[in-house]
Amino acid sequence: MIELRRLSVEDGMDVYIMLQEIPKEENGLVNKGNGLSFEEYKEWLKQKYVESEQIGLVDGWKVPSTTYWLYVDGKPVGFGSVRHFLTDALREVGGNIGYGIAPKYRGKGYGKELLRLLLEQANQIGIDKALVTINLNNIASKSVALANGGVITGQTDKRMFVWINTV
């Protein structure tokens, strides 16, 4: 059984362990939960929850963002975030959606399912078309985005820009 669960301040050791398995930074994805002590992780969860509830920009640049965990058969295998709107900077790096799968669960189609579910969440908050920015060397993420109906609309020397309809 595959399900998407919204981050909760009650999330426990299972999510914490999964976050330690996903590299701190890989292919453009930043995992700020990696390397934290369990106590720091619990505080981080509180901050992430507050971020999801904010309205408008915070500190002049930070947009609301909601984090989700992908569970397969009751175990967390990956995570993703939906940014509620884009700034000019996020149109260049970051986009609306970022996601990652723990290494031991890669190659099983979970990334494709995670992005599909994140696109549903984006649609529910009023995003009709979501931007995913992908490092040029990240072939797996490119495949996942294209499998979800993504269209490459441009690229720089470092990343490609993929827009995906959420409806």
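Residues numbered from 1 in each chain as written. Predicted model: local features only at pLDDT ≥ 70, side-chain atom pairs only at ≥ 80, totals over all residues. Heavy atoms only, no water.

Overview of the overall build of the chain
Looking only at helices and strands, the chain has five helices and nine strands in total. Traced from its N-terminal end to its C-terminal end, the chain shows the element sequence β-α-β-β-α-β-β-α-β-α-β-α-β-β. Here the C-alpha radius of gyration of the chain, 15 Å, is about what a compact globule of 167 residues would show, namely 15 Å. Relative to its 167 residues, the chain shows a buried fraction of 46%. With 20 positive and 20 negative side-chain charges, the chain shows a separation of 5 Å between the mean positions of the two kinds. (Helix = DSSP H or I, 4+ residues; strand = E, 2+ residues; numbered from the N terminus. Rg over C-alpha atoms; globule rule 2.2 N^0.38 Å. Buried < 20%, exposed > 50% of the residue type's maximum accessible area, 1.4 Å probe, protein only. Lys, Arg positive; Asp, Glu negative; His and termini not counted. Charge placed at Lys NZ, Arg CZ, Asp CG, Glu CD.)

Some words on the pattern of salt bridges
A full pass over the atoms with the stated rule returns ten salt bridges. Here Glu51 makes a salt bridge to Lys48, at a shortest N to O gap of 3.2 Å. Taken together, the residues span about one helical turn, with Glu51 and Lys48 both in helix α2 (residues 38-53) at a distance of three residues. Just as Glu51 is buried, Lys48 falls in that class too. (Salt bridge = Lys/Arg side-chain N within 4 Å of Asp/Glu carboxyl O.)

Some details on the packing of helix α4 (residues 110-124) against helix α5 (residues 139-147)
Helix-helix packing is characterised by the crossing angle of the two axes and by the distance between the axes. Two elements in contact, α4 and α5, have axes separated by 9 Å at closest approach and are oriented at 50 degrees. Judged by the angle between their axes, α4 and α5 are oblique. The crossing of α4 and α5 is right-handed. Between α4 and α5, the residues in contact are Gly111, Lys112 and Leu115 and Val144, Ala145 and Ala147, respectively. The class makeup of the residues in the contact of α4 with α5 is four nonpolar, one polar and one charged. (Axes fitted to C-alpha atoms, helices over the stretch in contact; angles between N-to-C directions. Parallel < 35°, antiparallel > 145°, perpendicular 65-115°, else oblique. Left-handed = near helix turned anticlockwise from the far one by under 90°. Contact = heavy atoms within 4.5 Å. Nonpolar A, V, L, I, M, F, W, Y, C, P; charged D, E, K, R; others polar.)

What to know about the sheet that holds strand β9 (residues 159-165)
The three strands lie next to each other as β7-β9-β8, forming an open sheet whose pairing is antiparallel. Among the strands making up the open sheet, the edge pair consists of β7 (129-135) and β8 (151-155). Recorded for the sheet is a direction-independent mean angle of 30 degrees between the axes of neighbouring strands. As paired strands, β8 and β9 are joined by four bridges and run antiparallel to one another. Within β9, the position partnered with Ile152 by the bridge is Val162. (Pairing = 2+ DSSP bridges.)

A closer look at the packing of aromatic side chains
Under the definition given, this model contains four aromatic pairs. Relative to Tyr41, the ring of Phe38 lies with its centre 5.4 Å away and its plane at 40 degrees, an arrangement referred to as tilted. Residue Phe38 and its partner Tyr41 are located together in helix α2, separated by three residues, close to a single helical turn. An aromatic cluster of three or more residues is present, and its members are Tyr16, Phe38 and Tyr41. Geometry around Tyr71 places Arg5 over its ring, the cationic atom sitting 3.5 Å from the centre. (Phe/Tyr/Trp six-rings, centres within 6.5 Å; stacked < 30°, edge-to-face > 60°. Lys NZ or Arg CZ within 6 Å of the ring centre and 35° of its normal.)

Concerning the layout of surface pockets
The computed volume of the largest pocket comes to approximately 1400 Å³. Lining of the largest pocket is provided by 48 residues; of these, Gly28, Leu29, Val30, Arg83 and Gly98 occupy positions nearest its centre. Among the residues forming the lining of the largest pocket, the class breakdown is 19 nonpolar, 19 polar and ten charged. (1 Å grid on protein atoms, 1.4 Å probe; cavity = no way out; pocket = protein on both sides within 12 Å on 5 of 7 lines; lining within 4 Å. Points joined across faces, edges and corners; volume = space filled by probe spheres on them.)

Concerning the environment of Glu120
Structurally, Glu120 can be placed in helix α4. Under the relative-accessibility criterion, Glu120 is labelled partly exposed at 35%. Separated by 45 residues in sequence, Glu120 and Asn165 have C-alpha atoms that sit 9.9 Å apart.

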